[in-house]
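Chain residues, written in single-letter form:
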Amino acid sequence: MTLRQIVFLTAGVFFSVALFAAGIADTNSNQVTTAPVYVPDTTHENDPLPDGVFVWNSLMLATNISADADKANFLIAFTNISLDKVAIMDVHPSCGCTTAEVPQAPWIIPAGGSGQIPVSVNVTITGNQGTLFKSVKISTDKGSKDVYLRISFQPVTPPTLSDDDRMKFIMASRADRQAIFKGDCADCHVKKGEGKYGKALYDADCAICHEANPRATMVPDLTKLKVPTNPDFWKQWIAHGKPGSLMAAFSQAENGPLNDMQIATLAYYLDQANPSKVVSPQ
């Protein structure tokens, strides 16, 4: 091999090495740096949440609702005041009547970030008298916290009917005792009681007549009945009414609005609220 060939061969090797090194450098310069993935540490999930992590709008949320309402709604709001991310791992209401709307877990809250959790309590299941307490447990990778919910029920104000409204109702019922479930009357005797049970159902469908102020003379005072009463008595009257009177048949089997479960719970409520004052004959 001549000297000239050796020089050219050596130059080619150096050139190839230089191109290879340049390619590596160019590849490295085009690499995208990604932020590390936040991995929650679940070992502290069941520990009490320390102070200085979340600040809450309140740990005891309260609301007042009408006794004939279907739901009580709350909004749990919080802000992450710590210097680190916090992962919400689970939001667990105290019972099945309470539901919370949350994103898929883990819900990552950045430092300084805020969030809201809408909560709804179905009071048609729980009953709607006095004061009701529920809770929601919020578990994070830093610990857990209970938020308490207080629901106060406001009594339903008995409706006041005008003389004209009362007369229209009487005339329509005399012609067809099921008329209260039709037309404009359905707004009071059907729609208000949809999905309700027990006392809530009574307040929605029955109080308009039996608790009216003043009550029509042909409408009995359920607290002063002069016949023996029991759950079967109330079921019979609710389901089938009384032909020839203004008392309609509320059973769906007779084209009324109430199913068997609603009738049973309404009869139970009336039996408890108005215990029989007359001894049944032996």
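Just above, that's the structure.
Sequence order as written defines the numbering, with residues in each chain counted from 1. With pLDDT at 70 or above as the cut-off, local features in this predicted model cover only qualifying residues; side-chain atom pairs require 80 or more to be listed or tallied, and sums for whole chains, interfaces and linings still use all residues. Hydrogen atoms and water are omitted, and side-chain values are computed over all heavy atoms in the structure.

**Thoughts on the overall build of the chain**
Counting secondary structure elements, the chain contains seven helices and nine strands. The proportion of buried residues among the 282 residues of the chain is 36%. For the chain, contacts bridging at least 24 residues in sequence account for 67% of all contacts bridging at least 6. Total accessible area on the chain is roughly 17000 Å²; 57% of this is exposed by carbon and sulfur atoms. Each helix is a run of H or I in the DSSP string that is no shorter than four residues. Each strand is a run of E no shorter than two, and both are numbered from the N terminus. Think of it in three bands: residues with accessible area under 20% of the maximum for their type are buried, residues over 50% are exposed, and the middle band is partly exposed, with areas taken using a 1.4 Å probe on protein chains only. Whether two residues are in contact is decided by their heavy atoms: any pair within 4.5 Å suffices. Here the open area of atoms and residues is found with the Shrake-Rupley method and a 1.4 Å probe, where only the protein chains shown may cover a residue.

**Here we look at a nonpolar patch on the surface**
Residues with no salt bridge and a relative accessible area higher than 30% make up the patches, which join like charges within 9 Å and nonpolar side chains (Val, Leu, Ile, Met, Phe, Trp, Tyr) within 5 Å. Salt bridges are defined by distance alone: a side-chain nitrogen of Lys or Arg within 4 Å of a carboxyl oxygen of Asp or Glu. Judged by side-chain polarity, Met60, Phe133 and Tyr148 come together as a nonpolar surface patch covering roughly 310 Å² of accessible area. Here methionine 60 lies in strand S2 (residues 60-66).

**Comments concerning the packing of helix H5 (residues 198-210) against helix H7 (residues 260-273)**
The N-to-C vectors of H5 and H7 enclose an angle of 95°; their axes lie 8 Å apart at closest approach. With respect to each other, H5 and H7 are oriented roughly perpendicular. For the pair formed by H5 and H7, the contact residues are Gly198, Lys199, Leu201, Tyr202 and Cys206 on the first element and Gln262, Thr265, Leu266, Tyr269 and Leu270 on the second. Residues that form the contact of H5 with H7 fall into these classes: six nonpolar, three polar and one charged. Comment: axis = line fitted to C-alpha atoms, over the contacting stretch for helices; angle = value between 0 and 180 degrees taken between N-to-C directions. Angle categories are assigned with fixed cut-offs, so that under 35 degrees is roughly parallel, over 145 is roughly antiparallel, 65 to 115 is roughly perpendicular, and the rest are oblique. Just so you know the grouping, Ala, Val, Leu, Ile, Met, Phe, Trp, Tyr, Cys and Pro go in nonpolar, Asp, Glu, Lys and Arg go in charged, and all remaining residues, Gly too, go in polar.

**Focus: H5**
Here, expected helix span is obtained from the residue count minus one, scaled by 1.5 Å. Compared with an ideal rise of 1.5 Å per residue, which puts 13 residues at 18 Å, H5 spans 15 Å between its outermost C-alpha atoms and falls more than 12% short. Of all the bends in H5, the largest measures some 45° and sits at alanine 204. Across the 13 residues that make up H5, a large majority, twelve, are buried. All of the buried residues along H5 are Gly198, Ala200, Leu201, Tyr202, Asp203, Ala204, Asp205, Cys206, Ala207, Ile208, Cys209 and His210. Take the seven residues that end at a residue and the seven that start at it, fit an axis to each, and the angle between those axes is the bend at that residue.

**A word on the environment of lysine 137**
By secondary structure assignment, the location of lysine 137 is in strand S8 (residues 131-140). Taking the C-alpha atoms as reference points, lysine 137 and valine 91, separated by 46 residues in sequence, lie 5.8 Å from one another. If we ignore the near neighbours within four places in the chain, the residues touching lysine 137 are Asn46, Asp90, Val91, His92, Ser144, Lys145 and Asp146.

**Let's talk about the sheet that holds strand S6 (residues 107-109)**
Pairing between strands is defined by DSSP: at least two bridges between the two strands are required. The five strands lie next to each other as S2-S9-S8-S4-S6, forming an open sheet whose pairing is mixed. In the strand order of this sheet, the two ends are held by S2 and S6, each with one partner. Here the average twist between neighbouring strands, direction ignored, is 30°. Looking at chain direction, S2 and strand S9 (residues 143-154) are connected through seven bridges and run parallel. In the sheet register, asparagine 64 faces S9, and the bridge partner there is serine 152.

**Details of the pairing of strand S3 (residues 71-80)**
The pairing of strand S1 (residues 54-56) with S3 spans three bridges and is classified as antiparallel. Looking across to S3, one finds that valine 55 is bridged to threonine 79. Relative to strand S7 (residues 114-122), S3 runs antiparallel, the two being bridged by nine bridges. Opposite alanine 77, over in S7, you have glutamine 116 as the bridge partner.

**Examining the pairing of S7**
Pairing geometry for strand S5 (residues 98-100) and S7, over three bridges, is antiparallel. Bridge pairing in S7 links threonine 99 to serine 120.

**Topic: H7**
Taking 1.5 Å as the rise per residue, H7 with 14 residues should run 20 Å; its terminal C-alpha atoms sit 20 Å apart, in good agreement. Tucked into the core, H7 has its buried residues touching H5 and helix H6 (231-240). The N-cap residue of H7 is asparagine 259: its side-chain oxygen and the backbone nitrogen of methionine 261 are 3.1 Å apart. Whenever a nitrogen or oxygen atom comes within 3.5 Å of another N or O atom, the pair is scored as a polar contact, on the condition that within protein one atom can donate a hydrogen and the other can accept it, and that pairs from neighbouring residues in sequence are kept only if both atoms are in side chains.

**A few points about the nonpolar core**
Membership of the largest hydrophobic core comes to 28 residues, with the highest contact counts inside it found for Phe54, Ile76, Ile138 and Ile151. Setting aside its immediate chain neighbours within four residues, isoleucine 138 contacts Trp56, Ile76, Ile88, Asp90, Val91, Ile117, Gly143, Ser144, Lys145 and Val147. Nine residue types can take part in a nonpolar core, namely buried Ala, Val, Leu, Ile, Met, Phe, Trp, Tyr and Cys, and a core is a set of them joined through side-chain atoms within 4.5 Å. Residues Val190, Ile238, Tyr269 and Leu270 belong to the second largest nonpolar core, which totals 20 residues.

**Looking at the sheet that holds S5**
Across a sheet, strands are paired by hydrogen bonds formed along the backbone, either parallel or antiparallel in direction. Pairing is antiparallel in the open sheet, where four strands are placed in the order S1-S3-S7-S5. Single-partner strands in this sheet number two, and they are S1 and S5. For this sheet, the mean angle separating the axes of adjacent strands, direction not counted, is 25°.

**So, the environment of valine 136**
Along the chain, valine 136 falls in strand S8. Along the sequence, valine 136 and serine 94 sit 42 residues apart, while their C-alpha atoms lie 5.8 Å from each other. When sequence neighbours within four positions are dropped, the list of residues in contact with valine 136 reads Ile76, Val91, His92, Pro93, Thr98, Val119, Lys145, Asp146, Val147 and Leu149.

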